[in-house]
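# Per-entry structural report
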Amino acid sequence: MKPRTLLALLVVVAGLGAFIWFYERELPSSEERAEREKKVLALEKDEVTAVTISSDGGRVVRLERIAAEKKDERDGEDEKDDEEDGEEAEEPAAEWRMTRPLAARADAFAVDQLLDAVAGLEKTRTLEDVGLDKPRVTLSLTTKEGERVLAFGAEVPPGGSLVVGFKGAKEAYVVSDSILTDLQKEPGDWRDKQVFRGDREAVRRISLKSAAAEPVILVKRPAGFWIEKPIADRADRDLVDGLLSDLTGLTAERFVDGSRPLVELGLAPPRDVVEVAFEGTTPPARVELGDRVTGEAAPEGEMGGEL
């Protein structure tokens, strides 16, 4: 064999070997394939843009992913510094909103927990020709590739499992019923309970207004917070830290009937007001405090309004 022909064959063999190596490296291992076979649905959580939960009683909860607003100028400068240092800037976080049965911010942690539960659904048995025409709950997941609808049916004796299948398919699966805890939540349980949103490190000005006292204005300086009004003096660091901790940890225990007049809640005018200004382009925050709450929470069906 001529040297030139031998060299050409060696090049072809080397190229073929490299192709096979790269190709097989991307293929899942036998263990990975076995794990995937157990899953009811191959789901990438970040690709889900909307979730709709429909119960057999007619209740519908719809949750939609919305891209977060641009970060403030400080974050933008940090991203530029990261790029200059050769580091990749993080993608802005996304938020979830409830659009049915009311319009409000949704609890992103709760939605993420549900998607984890769906992604973790494993088949313990496969059933043929099982009818799921009247499921107890249906779950619709919307991605850029379309919509997938899972129907959850009856429990499987002796308990701890239930039947699930894709809408329109004859094949169904037996899975753990633990996902029902998320699917059967009341609409109010999907609402975001965080009242104050903002980075405490970005706080630059705090205004406290009360019907029972003089307004107080705190301004952040390089050495810490200072009182600007009603006097000019250094602010007590512990008191300011406590105020910021209270603000950032402010969460809703329950939601009040949105149809009630604000004057009945002590919010027209509010009893106390906290206004916070941030550095950069982050919009200011305003928290209004009304009357002390007594009695039971409003029924779920009467909740309304934006949070």
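Each remark here, short or long, concerns the structure printed above.
The rules behind each value
Positions within a chain are numbered from 1, following the residues in the order the chain's sequence is written. Thresholds applied to this predicted model are a pLDDT of at least 70 for local features of residues and 80 or more for the giving and counting of side-chain atom pairs; totals over whole chains, interfaces and linings are not thresholded and use all residues. The side-chain figures draw on all heavy atoms in the structure; neither hydrogens nor water molecules are used. By definition, any uninterrupted DSSP run of H or I lasting at least four residues is a helix, any uninterrupted run of E lasting at least two residues is a strand, and each is numbered from the N terminus. Each residue gets one of three labels from its accessible area relative to the maximum for its type: buried under 20%, exposed over 50%, partly exposed in between, using a 1.4 Å probe on protein chains only. Whether two residues touch is decided by their heavy atoms; if any such pair falls within 4.5 Å, the residues are in contact. Where accessible areas are quoted, they stem from the Shrake-Rupley method and a 1.4 Å probe; at the residue level, only the protein chains shown are allowed to cover. Within this document, salt bridges are pairs made up of a side-chain nitrogen of Lys or Arg and a carboxyl oxygen of Asp or Glu, the two lying within 4 Å of each other. Distance and chemistry together define a polar contact, namely a pair of N or O atoms within 3.5 Å, with one atom able to donate a hydrogen and the other to accept it when in protein, and with adjacent residues in sequence counting only for side-chain atoms on both sides. Whether two strands pair comes down to DSSP finding at least two bridges between them. A helix is expected to reach a length of 1.5 Å times the quantity of its residues less one. It is the directions from the helix axis to the C-beta atoms that the arc portrays.

A few words on the overall build of the chain. The helix and strand inventory of the chain stands at six helices and 15 strands. Residues classed as buried in the chain amount to 29% of the 307 residues present. For the chain, the share of sequence-separated contacts (at least 6 apart) that also reach a separation of at least 24 residues comes to 61%. If you sum the accessible surface of the chain, you get close to 20200 Å²; carbon and sulfur atoms cover 51% of it.

Before going further, it helps to spend a moment on the pattern of salt bridges. In total, this model carries 17 salt bridges according to the counting rule given. Residue Arg-197 is joined to Asp-192 by a salt bridge in which the shortest nitrogen-to-oxygen separation is 2.1 Å. Beyond isolated ion pairs, a larger network of salt bridges with shared partners links Lys-209, Glu-275, Arg-286 and Glu-288.

Here the focus is the side chain of Asp-182. Tracing the chain through its elements places Asp-182 in helix α5 (residues 180-183). For Asp-182, a relative accessible area of 7% puts it in the buried group. Polar side-chain contacts of Asp-182 include one of 3.0 Å to the side chain of Gln-113. Look past the residues within four positions of Asp-182 in its chain and what remains in contact with it is Gln-113, Leu-114, Ala-117 and Trp-190.

The next point concerns the pairing of strand β12 (residues 224-229). Note: strand β11 (residues 213-221) against β12, five bridges, orientation antiparallel. Opposite Val-219, over in β12, you have Trp-226 as the bridge partner. If you look at the hairpin formed by β11 and β12, you'll find two residues sitting between the two strands. Taken together, the two bridges between β12 and strand β13 (residues 233-234) define a ladder with antiparallel strand orientation. When the sheet's bridge partners are listed, Ile-227 is paired in β13 with Asp-233. Taking the residues between adjacent antiparallel strands as the criterion, β12 and β13 are bridged by three residues.

Before going further, it helps to spend a moment on helix α6 (residues 237-248). Its 12 residues place the ends of α6 16 Å apart at the C-alpha level, agreeing with the 16 Å of an ideal helix rising 1.5 Å per residue. Turning to α6, its buried residues are Val-240, Leu-244 and Leu-247. The arc enclosing the buried residues of α6, seen along the axis, measures out at 60°, which places them on a common side. Opposite the packed face of α6, turned more than 90 degrees from it, sit the exposed residues Asp-238, Leu-239 and Asp-246. Next to the buried residues of α6 lie β10 (203-210), β11, β12, β14 (272-278) and β15 (285-289). The residue sitting at the N-terminus of α6 and contributing the capping side-chain oxygen is Asp-236; that oxygen lies 3.0 Å from the backbone nitrogen of Asp-238.

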